[in-house]
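# Structural overview
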Amino acid sequence: EPEVTQTPSHQVTQMGQEVILRCVPISNHLYFYWYRQILGQKVEFLVSFYNNEISEKSEIFDDQFSVERPDGSNFTLKIRSTKLEDSAMYFCASNSGYNEQFFGPGTRLTVL
Amino acid sequence: ELKVEQNPLFLSMQEGKNYTIYCNYSTTSDRLYWYRQDPGKSLESLFVLLSNGAVKQEGRLMASLDTKARLSTLHITAAVHDLSATYFCAVDDSLSGGSNYKLTFGKGTLLTVNP
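Residues numbered from 1 in each chain as written. Chains lettered and ligands numbered in written order. Predicted model: local features only at pLDDT ≥ 70, side-chain atom pairs only at ≥ 80, totals over all residues. Heavy atoms only, no water.

### Observations regarding the packing of aromatic side chains
For the record, the criterion: Two rings from Phe, Tyr or Trp (for Trp, the six-membered ring) form a pair when their centres are within 6.5 Å of each other. A pair whose planes differ by under 30 degrees is stacked, one over 60 is edge-to-face, and the rest are tilted. What counts as a helix is a DSSP run of H or I of at least four residues, what counts as a strand is a run of E of at least two, and both are numbered from the N terminus.
All chains considered together, the criterion is met by 15 aromatic pairs over all chains. Pairing Tyr35(A) with Phe103(A) gives two aromatic rings, centres 5.4 Å apart and planes at 45°, and the pair type is tilted. In this pair, Tyr35(A) is assigned in strand 4 (residues 31-37) and Phe103(A) in strand 10 (residues 102-103), connecting sequence segments 68 residues apart. An angle of 85° between the planes, with centres 5.3 Å apart, marks the rings of Phe103(A) and Tyr35(B) as edge-to-face. With Phe103(A) in strand 10 and Tyr35(B) in strand 4 (residues 32-37), this residue pair bridges two chains.

So, in structure tokens, the structure goes:
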């Protein structure tokens, strides 16, 4: 069964460093998303991506964040200069547009 | 802005008992999702409810959707310890003016089933 994959599973970084989180969505899906979940809290939408561009972003997704789909399979989230409050679980998801979103296993980002 | 409210946020129950988790949302939608999350893990899809009156059952869990009341319920029958987890409902924005199917989540219900 097709699934969304994410790497790495855990990333530890120093404050101010850049990180790139990687995702491979399900191959025939059209919509791609990043969500984050701070420990013990709800899942929050960050950004959606459709037709090779950002289709919507939340207030959380400021200038420090960017997304790319550099080839036909990968979908990346970059945080340019990490802050302590960026520590969270980041989930990638994809959707064909008709039914449910499928979530990846997540990347736990720890900013020290 | 779409708001999704779940209650209760914490639920401690004994094995064998029944209980219901409620999910209210603020704007028009007929697409509602229930997910289960174990500690430190990803979101496991439980139910996709795509129309008014939809009812789905899987094992001891049953979910329903009333789009007129903007309410979904997740009913647990004869709870067992293995059901202990956090349960999230989520609504997409496809009927409330959105076009990206992004999900807005409730805060989650932490369910603990005690022997």
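### What to know about the nonpolar core
If you look at soluble globular proteins, the nonpolar side chains tend to sit buried side by side. For clarity, the threshold we go by: Take the buried residues of types Ala, Val, Leu, Ile, Met, Phe, Trp, Tyr and Cys, join any two whose side-chain atoms come within 4.5 Å, and each joined set is a nonpolar core. Burial here depends on accessible area, computed with a 1.4 Å probe over protein chains only, as a share of the maximum for the residue type. Under 20% is buried, over 50% is exposed, and the range in between is partly exposed.
Judged by nonpolar contacts, the single largest core of 25 residues is most densely connected at Leu32(B), Trp34(B), Leu74(B), Ile76(B), Tyr87(B) and Leu111(B). Listing elements by their share of this core, those giving two or more residues are strand 2 (10-14), strand 3 (19-25), strand 4, strand 5 (43-49), strand 7 (61-66), strand 8 (71-76), strand 9 (85-92) and strand 11 (109-114) of chain B. Judged by nonpolar contacts, the second largest core, of 21 residues, contains Leu21(A), Cys23(A), Ile26(A) and Phe61(A).

### Quick look at the pattern of salt bridges
What counts, and what does not: One speaks of a salt bridge when a side-chain nitrogen belonging to Lys or Arg is within 4 Å of a carboxyl oxygen belonging to Asp or Glu.
Throughout the structure, instances matching the rule amount to four salt bridges over all chains. We note a salt bridge from Glu56(A) to Lys102(B), for which the minimum N-O separation is 2.7 Å. Here Glu56(A), found in strand 6 (residues 53-57), pairs with Lys102(B), found in the loop between strand 9 and strand 10 (103-105), and the two come from separate chains. A relative accessible area of 15% places Lys102(B) in the buried class. Put simply, Arg31(B) and Asp92(B) hold a salt bridge, and the shortest N to O gap is 2.5 Å. A residue pair is termed long-range when its members are at least 10 positions apart, and Arg31(B) in the loop between strand 3 and strand 4 and Asp92(B) in strand 9 qualify at 61 residues.

### Brief notes about the interface of chain B and chain A
What counts is decided by this rule: By the convention used here, residues are in contact when the closest approach between their heavy atoms is within 4.5 Å. Summed over both partners, the accessible area lost on bringing two parts together, with a 1.4 Å probe, is the buried area. Counting of polar contacts relies on pairs of N or O atoms within 3.5 Å, with two restrictions inside protein: one atom must be capable of donating a hydrogen and the other of accepting it, and residues adjacent in sequence are counted only when both atoms are side-chain atoms. Residue classes follow a fixed rule: Ala, Val, Leu, Ile, Met, Phe, Trp, Tyr, Cys and Pro count as nonpolar, while Asp, Glu, Lys and Arg count as charged, and any other residue, Gly among them, counts as polar.
Tallying the contact residues gives 21 residues for chain B and 23 residues for chain A. A combined buried area of about 1700 Å² lies between chain B and chain A, and 51% of that area is made up of carbon and sulfur atoms. For the pair chain B and chain A, the interface holds seven residue pairs in polar contact (both at pLDDT 80 or more). Counting residues per element, the ones that place at least two in the side of chain B that touches chain A are strand 4, strand 5 and strand 10 of chain B. Considered class by class, the residues forming the side of chain B that touches chain A number nine nonpolar, seven polar and five charged.

### Topic: the sheet that holds strand 3 (residues 19-24) of chain A
What links the strands of a sheet is backbone hydrogen bonding, and the strands pair in either a parallel or an antiparallel sense. Residue and element names in this part refer to chain A. The condition that has to hold: A pair of strands counts as paired when DSSP detects no fewer than two bridges linking them. Every angle, taken between N-to-C directions, lies between 0 and 180 degrees, and every axis is a line fitted to C-alpha atoms, over only the stretch in contact when it is a helix.
Strands sit in the order 1-3-8-7 across an open sheet of four strands; the sheet is antiparallel. Lying at the two open borders of the sheet, with one neighbouring strand each, are strand 1 (5-7) and strand 7 (65-68). Across this sheet, the average inter-strand angle for adjacent strands is 20°, counted without regard to direction. Looking at chain direction, strand 3 and strand 8 (residues 75-79) are connected through five bridges and run antiparallel. What sits directly across from Val 19, in strand 8, is Ile 79.

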